[in-house]
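Residues per chain, in single letters:
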Amino acid sequence: MSVPPPSDPDILRSKFSGGFLFRKDPDPYPEGNEKGENDEDERVLVSFAFLIDPQFKYIPQWFLDFVIGTVVRSVSNQFFNVARKVRGGKREQHTNIMEKNQKSMN
């Protein structure tokens, strides 16, 4: 399978732009929340924002918003589940790859 050329008139291309923002969590332990046993001293706040214009003329915008929102929530939940399992030691292969990558960056 190959990517069709941009000039192919039979292909409708969606416009998409977005990105991740990684920053130190400004207040990881707000008043009333105690630091947990397994919590690290420094936590990272990850934000993801995106804009998408699927350019579908015959599908209502409210339906596209619903579908895209549902997919994004589902995918982010999967990412968080994997992250929890890595932290809990249940994803040894992920942990090994992360350690290998961290060593190569030093």
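Residues take numbers from 1 onward in each chain, read along the sequence in its written order. Restriction of local features to residues with pLDDT of at least 70 applies here, the model being predicted, together with a cutoff of 80 or more for giving and counting side-chain atom pairs; totals for whole chains, interfaces and linings are based on all residues. Water and hydrogen atoms play no part in the side-chain values, which are based on all heavy atoms of the structure.

**Observations concerning the overall build of the chain**
- Within the chain, the secondary structure is distributed over two helices and two strands.
- Numbering of helices and strands runs from the N terminus; a helix is a DSSP stretch of H or I covering at least four residues, while a strand is a stretch of E covering at least two. Mapped from its N terminus to its C terminus, the chain presents α and β elements in the order β-β-α-α.
- Per-residue accessibility, obtained with a 1.4 Å probe over protein chains only, is compared with the maximum for each type, and a residue is labelled buried under 20%, exposed over 50%, and partly exposed between these values. Across the 106 residues that make up the chain, the buried fraction comes to 4%.
- In this description, contact between two residues means that some pair of their heavy atoms is separated by no more than 4.5 Å. Excluding contacts between residues fewer than 6 apart, the proportion of contacts in the chain whose partners are at least 24 apart in sequence is 47%.
- In the form shown here, the chain has an accessible surface area of approximately 10,000 Å², with 56% of it arising from carbon and sulfur atoms. Computed with the Shrake-Rupley method and a 1.4 Å probe, the accessible areas treat only the protein chains shown as cover for residues.

**Looking at the packing of aromatic side chains**
- Two rings from Phe, Tyr or Trp (for Trp, the six-membered ring) form a pair when their centres are within 6.5 Å of each other. A pair whose planes differ by under 30 degrees is stacked, one over 60 is edge-to-face, and the rest are tilted. Per the stated rule, a full pass over the model turns up five aromatic pairs.
- Their ring planes at 35° and their centres at 4.7 Å tell us that Phe20 and Phe48 sit as a pair that is tilted. Note that Phe20 is positioned in strand 1 (residues 15-24) and Phe48 in strand 2 (residues 44-53), a separation of 28 residues in sequence.
- Seen from their ring centres, Trp62 and Phe63 are 5.9 Å apart, and the 85° between their planes marks the pair as edge-to-face.
- An aromatic cluster of three or more residues is present, and its members are Phe16, Phe20, Phe22, Phe48 and Phe50.

In short, shape yes, function no, at least from these values alone.
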